[in-house]
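Results of the structural survey
Here's the letter readout for the chains.
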Amino acid sequence: MDKFKITFLPDNKTVEVEKGITLLSAAISAGIHINSSCGGDGVCGRCKVILKKGQAVSLPTGRISAEERKKGYHLSCLSVAQSDLEVEVPAESRLDSGTLAKDDAHMLRLKGIFSEPEDTDKGDSILGENIFIHSPLASKLYLDLPKPNLEDKISDLERLYRQIRSLQDLPVLQTGLSNIRRLGELLRSSDWKITATLGKRNGTTEIVILEPGDTSKRNFGFAFDIGTTTICGQLIDLNTKKILGTKAAYNKQASYGSDVITRIIFAQGTDGLEKLHHAVIDEMNLMIQELTRENNIDLNDVTCCLCAGNTTMMHLLLRVDPTYIRREPYVPTANFIPVVRAYEAGIKINPRGLLACVPGISSYVGGDITAGVLACGMDKTEKLSLLIDIGTNGEIVLGSKDWLIACAASAGPAFEGSGVTCGMRASRGAIQKVKINPETFEVTYSTILDTPASGVCGSGYIDAIAELLRAGIIDRGGKFDPKLIHRRIREGEYGREFVLAFKEGLGTTVDLIVNEMDIENIKRAKGAIYAASAMLVNHMGFGFNDLEQVYIGGGFGTYVDMPNAIFIGLLPDLPREKFVFVGNSSLVGARQILLSHEAIMDADEIAKKITYFELSVEPGYMDEYMASLFFPHTDLSKFPSVTGKKSSP
Amino acid sequence: MALDLVKEKWSNAVAVVTIGALKDEGGTRSSVVRCGGEEGLPFLFAEGKTPHRPVIAMEVLDVEPDDWPQSLTSAIGPAIKNPVEWAVKCEKDYKADLICLRLAGAHPDAQNRPAEQLTKVVKDILQATTIPLILIGCGEDKRDNEILPLCSQAAKGERLLIGETVQANYKTLTASALADGHSIIAQSPIDINIAKQLNILISDMSMSIERIVINPTVGALGYGLEYAYSIMERARLAALSGDKMLGMPFICFVGYEAWRAKEAKASETEFPTWGKQLERGIAWEALTATTFLQAGADILVMRHPKAVELVRKHIDELMKE
């Protein structure tokens, strides 16, 4: 079998691959991340590379323009080497590398994926309530044991238990064989002064770690929110409940497909599950390493880790086959995942440290939603409230302390910048806010971190569409007025388009535009979320006006312009004061659960209490969805503040 | 014991659309057609008034149709070669309520007739007839956007019903109709949401709802008729319940649909057991039409004189209280 050396620029990393391996696969082996939304099907056109040296053959694709072809552009997923190659990965194909620095001064708009210390300090719920007692998943106890003598000659283990019980009320204690094997020698060599780490494990307490001397001051844990698009990690001092640092990074599984379904399909291929599993734990381990290093913490003092994420993400994290999630009747392998050792899942903390996952509700409503409900305190209030988590999969929960019901709607990744021409995730350089002068059609915009614009993120699209509507450039159906002539309006490859920013002065190779196809995609995404919310509220015999509180969560929820979100019909037309932006409620919930055994039990209760409402079998859903495919809605009376039409009685 | 009929109370009536303008209204018609205005479901007179009976428009093409079966063309006779004579025949001999002129010859794939010829046909028909006129383009957006505004101008003041607008192409024609005082047909593909959305889009251009007629798109008997029926029924129920953006009269192109059906077109040699082709075609068109009357059709656009006669009789019967 022939082998070729492929060198990727600008990283200058070389990898040797067998003939027939695609350039995309080669890049992954070389540890280079190239964007790929479709998982290598050759349809998304995001994995462009430039061939600098050598011979490669590509399957034909419409995603490379004639001009690009001349410059040596190839789709890496459709190309295989015919000789040794030198390949350049252009900026537009690269994942923004690395983690987002925690103390970047301008992170306001990134609140969603980067929880700032001030509003999340000490494990407070986002509502400012501190309701859970402090009893972390793993706690350390310093023990000075009385030495045995002829009067007090109970065994070492019983002696250990007796000492622990004299300090804490723990009727059920467990110890693993390996700890028992070490116990005799450890107690004697440390002069009967040891630190025991007690872990809350599935209803019992386990002596997880035994160490000589007093290390009880040094006990740390991690809370993670594992999203389809973004992973957030937080290092927490389990003794003081203090957040020592937060990091957010892109879920590198995105290289294998942008939504959970594509990834589940990818997991079924050769090594697919292994690759997806590694993509997530490698990222988590990197965050753990960086945060512990920055805080001068020994990895051995990190005793536990708590993760919230959707059901598919949890399966992939634990390397459990997710296949059955997407097959009727859509049953996951596990919703309530027992506490396991972190190393079993490949998480590199103390080798005996624990890993817990927030319990999920169903295949398409996961532990991130349980954590979100917990963080919002929805299960503790009399108030009828609604939580809308806007993500690739939009999840919606309705209820109060007596009952909770949830559904999921496949919104697609448009709001997260995928499947739209100039879309990008909410990161540096993304256009996040847009204003269009209704007279001159001139555009003012701002970007995340005020760097030159390189794309448009979800909130930018919401603003852009609302402004295009206000200026009369597009109609309520999302179509451009064919009569308008302006330098910003032109005919593009996919229908008419509006130029938000010209490439001159931006450093991009193309103008940043919104076209009719993008508007159509956003319309579908917002339609799915609105229709699902309406169906759920309706199903329980309520109307939107009955809601006392609406929580908007998700990576982009915090920085969405609310009046514009209502203007395009993404959110129901309710008084603005009923909306609460909760940002990454999943991470807040995960931290609360990490810090309190009470919250763990609460999360179990919430997950058991939430009824799952399957929208796909609801006959009315499709109808409601179709009616939502209009700005703001086919039934204008549902948006009186937008249309000036009064609600029908 | 006397049985009390359960009566539904409705909160809204269908808008009344007037087609054609009399001399003192700025037009040249000797009569006008008013359609819509229903206050209840079709023919349930106890629940609400039906102020205007359903009307029949007869379809006339600007060029001799090349895909109509002989059983249809021969019923019209030699006049089919001349749109003006054909229209006069519809008015005088067949007692049509309206003429529906379809500018089939404008289509780029057909004869791509120059605009002057098309506006002339419109003017000539208006001159030769006294009943109101419905004007339909060739169905090719670009060409329609070019010719329909010219025809609209040529018939300024005649209060035509002009069409068709669709969701992806409604602005040009709506603007012309607004300027020249015509009403407009809003076509949607058997989809209640798109029907309503298009009405909103057209109203957003300040066209009043008394100047919009919905073409819900129908299917012939055996070709999706019940689906189209249920969409019309739902739209009408919504309209009567208060939804003004669905409260417009319906126009149904039953002739176009029925004469595409295999059962109407197939020859007797092909299917000897199906009976006479002529009767089959007429029955197919008449049955399709009468079905949509029950769904709330206000304007039926038909082709065969015999079918028109049958349906008119049927409407007479239905309208007897």
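All of these numbers come straight from a predicted model, not from anything done at the bench.

Here we come to the overall build of chain A. Each helix and strand counted, chain A has 16 helices and 29 strands in total. The C-alpha radius of gyration computed for chain A amounts to 27 Å, which stays within 12% of the reference 26 Å derived for 649 residues, consistent with globular compactness. Evaluated residue by residue, chain A yields a buried proportion of 60% over its 649 residues. Taking the contacts inside chain A whose residues are at least 6 apart along the sequence as the reference set, 66% of them involve residues at least 24 apart. Summed over all atoms, the accessible surface of chain A reaches about 25,800 Å², with 51% contributed by carbon and sulfur. Each charge sign in chain A was given a centre, from 71 positive and 81 negative side chains, and these centres are 2 Å apart.

Another aspect to go through is the interface of chain B and chain A. Across the boundary between the two partners, chain B contributes twelve residues, which contact 14 residues of chain A. Across the chain B/chain A interface, buried area totals approximately 1,200 Å², and carbon plus sulfur atoms make up 52% of it. Considering only the surface of chain B that becomes buried against chain A, Lys-171, Asn-193 and Gln-197 of chain B emerge as the three largest contributors, covering 39% of it. Measuring nitrogen to oxygen at the nearest pair gives 3.9 Å for the salt bridge that ties Asp-635 of chain A to Lys-196 of chain B. Seen at the junction of chain B and chain A, the total is seven residue pairs in polar contact (both at pLDDT 80 or more).

The next point concerns the packing of helix H10 (residues 277-295) of chain B against helix H11 (residues 305-319) of chain B. Residues and elements named next belong to chain B. Closest axis-to-axis distance for the H10/H11 pair is 9 Å, and the angle between their directions is 30°. As summarised for this structure, H10 and H11 are arranged roughly parallel, according to the angle between their axes. Between H10 and H11 lies a crossing whose hand is right-handed. Contacts between H10 and H11 involve Ile-282, Glu-285, Ala-286, Ala-289, Thr-290, Leu-293 and Gln-294 from the first element and Lys-306, Ala-307, Leu-310, Val-311, His-314, Ile-315 and Leu-318 from the second. Looking at the contact of H10 with H11 residue by residue, the class counts come to nine nonpolar, three polar and two charged.

For sheets, the rule is that strands pair by backbone hydrogen bonds, running either parallel or antiparallel. All names here are of chain A. Spatially, six strands are ordered S28-S27-S18-S19-S20-S29 in an open sheet, and the strand pairing comes out mixed. Either end of the sheet is taken by a strand with one partner, and the two such strands are strand S28 (579-583) and strand S29 (610-612). This sheet shows a mean twist of 20° between the axes of neighbouring strands, independent of strand direction. Across four bridges, strand S27 (residues 549-553) lies against S28 in parallel orientation. Each bridged residue has a counterpart across the sheet, and for Gly-553 the counterpart in S28 is Gly-583.

This brings us to the sheet that holds strand S2 (residues 13-18) of chain A. Residue and element names in this part refer to chain A. The five strands are arranged S2-S1-S7-S3-S5 in an open sheet whose pairing can be described as mixed. A strand with exactly one partner marks an edge of an open sheet, and here the two such strands are S2 and strand S5 (73-75). Each strand of the sheet is rotated relative to its neighbour by a mean of 35°, with strand direction disregarded. In the sheet, strand S1 (residues 3-9) pairs with S2 via six bridges, with the strands oriented antiparallel. Within S2, the position partnered with Phe-4 by the bridge is Val-17.

Let us now look at empty space enclosed by the protein. Across all of its chains, the model carries six cavities of 30 Å³ or more by this definition. In this model, the second largest cavity occupies a volume close to 80 Å³. Broken down by class, the residue content of the lining of the second largest cavity amounts to five nonpolar, three polar and four charged.

Residues and elements named next belong to chain A. Taken as a whole, this structure holds 56 salt bridges over all chains when the rule is applied. Of the charged contacts, one joins Glu-88 and Lys-52 as a salt bridge, the two residues approaching to 3.4 Å between their closest N and O atoms. Linking Glu-88 in strand S7 (residues 85-88) with Lys-52 in strand S3 (residues 48-53), this pair joins segments that are 36 residues apart in sequence. Residue classification places Lys-52 among the partly exposed residues on the basis of a relative accessible area of 47%.

Take the environment of Phe-542 of chain A next. All names here are of chain A. With respect to the secondary-structure elements, Phe-542 resides in the loop between helix H11 (516-539) and S27. Spatially, the C-alpha atoms of Phe-542 and Gly-412 are 27 Å apart, while their sequence positions differ by 130 residues. In contact with Phe-542, other than residues within four places in its own chain, are Leu-384, Trp-403 and Val-537.

Cut-offs applied
- Residues numbered from 1 in each chain as written.
- Chains lettered and ligands numbered in written order.
- Predicted model: local features only at pLDDT ≥ 70, side-chain atom pairs only at ≥ 80, totals over all residues.
- Heavy atoms only, no water.
- Helix = DSSP H or I, 4+ residues; strand = E, 2+ residues; numbered from the N terminus.
- Rg over C-alpha atoms; globule rule 2.2 N^0.38 Å.
- Buried < 20%, exposed > 50% of the residue type's maximum accessible area, 1.4 Å probe, protein only.
- Contact = heavy atoms within 4.5 Å.
- Areas by Shrake-Rupley, 256 points an atom, 1.4 Å probe, with all protein chains shown as cover.
- Lys, Arg positive; Asp, Glu negative; His and termini not counted.
- Charge placed at Lys NZ, Arg CZ, Asp CG, Glu CD.
- Buried area = accessible area lost by both parts, 1.4 Å probe.
- Salt bridge = Lys/Arg side-chain N within 4 Å of Asp/Glu carboxyl O.
- Polar contact = N/O pair within 3.5 Å; in protein donor to acceptor, adjacent residues only side chain to side chain.
- Axes fitted to C-alpha atoms, helices over the stretch in contact; angles between N-to-C directions.
- Parallel < 35°, antiparallel > 145°, perpendicular 65-115°, else oblique.
- Left-handed = near helix turned anticlockwise from the far one by under 90°.
- Nonpolar A, V, L, I, M, F, W, Y, C, P; charged D, E, K, R; others polar.
- Pairing = 2+ DSSP bridges.
- 1 Å grid on protein atoms, 1.4 Å probe; cavity = no way out; pocket = protein on both sides within 12 Å on 5 of 7 lines; lining within 4 Å.
- Points joined across faces, edges and corners; volume = space filled by probe spheres on them.

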